[in-house]
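The chain contents come next:
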Amino acid sequence: MGSISLSHVKKSFGEVQIIPDISLDIKEGEFVVFVGPSGCGKSTLLRLIAGLEDTTSGTILLDGVDMTKAPPARRGLAMVFQSYALYPHMTVRDNIAFPLKMAKAPKEVIDQKVEYAARTLNLSSYLDRRPRALSGGQRQRVAIGRAIVREPKAFLFDEPLSNLDAALRVNMRLEITELHQQLKTTMIYVTHDQVEAMTMADRIVVLNAGRVEQFGTPLDLYKKPANRFVAGFIGSPRMNFVDGPEAARYNASAIGVRPEHFSLATTPMPGAWKGKVGVAEQLGSDTFLHVHVDGLGLMTIRTDGDQTFGHGDDVYLTPDPARIYRFDAAGLAL
Amino acid sequence: MATAQTRTLSRIMMAPAVIVLLIWMIVPLVMTLWFSFQNYSLINPMMTGFAGWANYVYVIGDPSFIQSLVNTLILVGGVLLITIIGGTLLALLLDQPIWGQGILRIIVISPFFVMPPVAALIWKNGFMHPGYGMLAHLWKFFGLQPIDWFNQYPMFSVIVIVAWQWLPFATLILLTALQSLSEEQREAAEMDGANAINRFYHIILPHMARAITIVILIQTIFLLGIFAEIRVTTGGGPGYASTNIAFLVFRTGILSNDIGAGSAGGVVAVVIANIVAIFLMRAVGKNLDA
Ligand SMILES: Nc1ncnc2c1ncn2[C@@H]1O[C@H](COP(=O)(O)OP(=O)(O)OP(=O)(O)O)[C@@H](O)[C@H]1O
Ligand SMILES: [Mg+2]
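What you see is a predicted model; the values in this text were computed from it and never measured. (Residues numbered from 1 in each chain as written. Chains lettered and ligands numbered in written order. Predicted model: local features only at pLDDT ≥ 70, side-chain atom pairs only at ≥ 80, totals over all residues. Heavy atoms only, no water.)

Caption draft 1: Quick peek at a nonpolar patch on the surface. A cluster of nonpolar residues, Met14(B), Val18(B), Leu22(B), Met25(B), Ile26(B) and Val30(B), forms a patch on the protein surface that exposes about 550 Å² of accessible area. Assignment of secondary structure puts Val18(B) in helix α1 (residues 4–36). (Patch = residues over 30% accessible without salt bridge, like charges linked within 9 Å, V, L, I, M, F, W, Y side chains within 5 Å. Areas by Shrake-Rupley, 256 points an atom, 1.4 Å probe, with all protein chains shown as cover. Salt bridge = Lys/Arg side-chain N within 4 Å of Asp/Glu carboxyl O. Helix = DSSP H or I, 4+ residues; strand = E, 2+ residues; numbered from the N terminus.)

Here it is as structure tokens:
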């Protein structure tokens with residue numbers, strides 16, 4: 001229960017093609033994250049799977065059954081929206097019970113499932129409140145509760161945490177991951193926060209302008225990015241890119257080095273890049289140095305938090321030779 | 001308005017407007033009250049002086065008063081029923097993406113811009129005239145005897161005309177409410193397996209409850225005092241069949257030249273309007289608290 005497969009799915013709004021051609025196979029029970037820059041078509045793809053948008057061409061199979069033309073209700077999927085989309089005039093209990101009522105479930109079954117969902121999500125003491133009287137995190141949990149009572153084939157989340165503050169996000173991230181481990185239901189999760197993507201996903205789909213740039217496990221994407229876009233998108237702070245003659249020394253049109261893959265010295269080293277520290281961002285655990293390297297531009301370097309470099313200090317950077325990513329002129333990894 | 005200081009300040013700032021409004025309201029009201037206790041008939045100018053409750057007894061004791069009261073309620077209720085149901089349906093229709101939506105909306109709203117006497121005239125001569133009205137032609141086309149609407153169904157005819165005028169208002173307010181419903185909520189309901197009827201009943205209707213309340217309250221205020229449509233079409237007749245309280249005041253005060261009794265009728269009308277308002281606020285006002 002819960003495999004989703006797209007083949008040659010295309011989507012245009014009028015003349016504008018948003019999704020040129022996407023094929024994906026999501027296995028049963030997998031936690032897949034769609035990640036990509038704003039406007040790349042993540043929500044659109046999710047809504048195609050949900051049935052909230054018509055597919056221009058291609059097929060969508062759910063559990064091997066062609067559902068391309070099926071209305072949302074028949075697909076057996078549950079969706080959690082960014083704005084939660086709770087029904088404001090209903091109590092939490094009625095909100096959670098709504099899909100069951102629509103499915104004409106008997107009263108005892110509804111009560112039992114609502115109780116169970118409320119206990120799972122720590123909502124038991126709020127059941128008789130209206131959504132208005134809940135905090136953002138609680139509303140989010142109600143939305144999730146409404147999704148789980150239906151026991152759907154898969155959950156679809158569209159940036160569910162983007163309205164929450166940083167601390168709550170970390171919490172909810174854990175809760176959703178835990179929920180996934182408990183329910184073992186397929187989940188598709190849209191975000192543009194790559195930390196969420198890296199920490200939650202079994203596999204990540206990196207989207208760019210409606211195309212799949214790469215589909216793989218988080219560590220795959222980090223260690224073996226397929227192209228320059230993925231390399232730049234995954235990892236924080238961003239990978240440093242160098243092109244021109246310095247890249248040519250490595251037989252590539254561009255090379256990339258992650259901020260954490262430098263060794264740093266204050267005295268000249270053979271083959272090192274010389275630079276001047278601009279801004280040093282001290283996070284306590286780490287320090288991010290923004291170094292102006294002669295002839296190569298600005299680079300971000302990650303060092304441990306005990307390093308005390310100041311503005312204007314001279315530093316010498318040596319990229320870890322085993323961890324230099326090489327790209328050809330088209331941006332593909334070599 | 002969180003602190004005591006801002007509250008006081010806001011009261012002082014509002015005071016001039018409130019005082020002007022009060023004077024505006026109170027002076028005519030007090031004058032009406034005064035006249036209602038006077039013998040003041042233009043036909044009989046010699047009879048003056050304090051009348052006691054005589055004017056009230058005269059107005060309320062008249063059998064036409066009860067009939068007018070009933071007519072008033074029928075008129076208000078009938079028009080409300082038609083405009084709320086019709087307005088909801090029209091709003092649902094206009095909310096669909098259709099070609100020429102902009103023009104269509106303007107057309108639907110246009111009756112509201114027609115002045116009441118004009119609207120009444122259009123209906124009286126254009127549609128409901130037993131000789132050359134459109135409806136008469138329609139009836140004749142089907143070989144039926146044309147209906148003399150204003151004589152045979154006076155209340156019904158007035159209700160139709162007034163409802164035609166107020167339907168756009170209801171539609172407009174309800175359409176606005178409908179459009180403020182978040183798309184995601186509809187989609188969530190769709191994903192939750194609610195069909196169109198369930199979506200309407202469980203999501204759309206509760207969302208529109210407040211707008212419907214507002215339409216009911218505003219329309220009631222105006223519908224209690226419907227006058228021009230009656231004046232132009234039935235003249236309150238036949239007999240008192242289509243006379244409402246407002247028209248009764250006119251008949252007593254102006255047509256019969258009895259200012260005293262007319263004023264008493266006016267005061268009674270105000271009292272009735274307030275009673276209706278209190279009941280209404282009790283019944284539907286809780287929707288406004290949210
Ligand atoms: N109904 C629509 N009509 C026309 N264009 C649309 C429609 N919905 C989305 N688009 C366009 O499709 C593109 C992708 O939109 P989408 O909402 O999928 O982006 P997204 O990846 O979810 O972005 P974000 O991270 O900002 O939510 C955008 O360029 C958007 O303008
Ligand atoms: Mg989006």
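Caption draft 2: Here's a closer look at the pairing of strand β17 (residues 314–319) of chain A. All names here are of chain A. Two strands pair when backbone bridges link them, and strand β13 (residues 262–265) and β17 are joined in this way by 4 bridges, in the antiparallel orientation. The partner of Phe262 across the bridge, within β17, is Pro319. Where strand β14 (residues 273–282) and β17 come together, 4 bridges link them in antiparallel fashion. From the neighbouring strand, Lys276 faces β17, where its bridge partner is Asp314. (Pairing = 2+ DSSP bridges.)

Caption draft 3: Focus on the domain arrangement of chain A. All names here are of chain A. By the assigned domains, chain A splits into domain 1 (4–232) and domain 2 (239–327). Of note, the centres of domain 1 and domain 2, computed from C-alpha atoms alone, are 38 Å apart. Taken together, the contact pairs 8 residues of domain 1 with 9 residues of domain 2. Interface of domain 1 and domain 2: buried area, both sides summed, is about 720 Å²; carbon and sulfur atoms make up 54% of it. Joining domain 1 to domain 2, the criterion identifies 1 salt bridge. Across the pair Arg228 and Asp243 runs a salt bridge whose closest N-O atoms are separated by 3.8 Å. In this structure, the connection of domain 1 to domain 2 is made through 4 residue pairs in polar contact (both at pLDDT 80 or more). Elements supplying a minimum of two residues to the side of domain 1 that touches domain 2: α8 (218–223) and α9 (228–233). The residue makeup of the side of domain 1 that touches domain 2, split by class, is 4 nonpolar, 2 polar and 2 charged. (Domains from an automatic or database assignment. Contact = heavy atoms within 4.5 Å. Buried area = accessible area lost by both parts, 1.4 Å probe. Polar contact = N/O pair within 3.5 Å; in protein donor to acceptor, adjacent residues only side chain to side chain. Nonpolar A, V, L, I, M, F, W, Y, C, P; charged D, E, K, R; others polar.)

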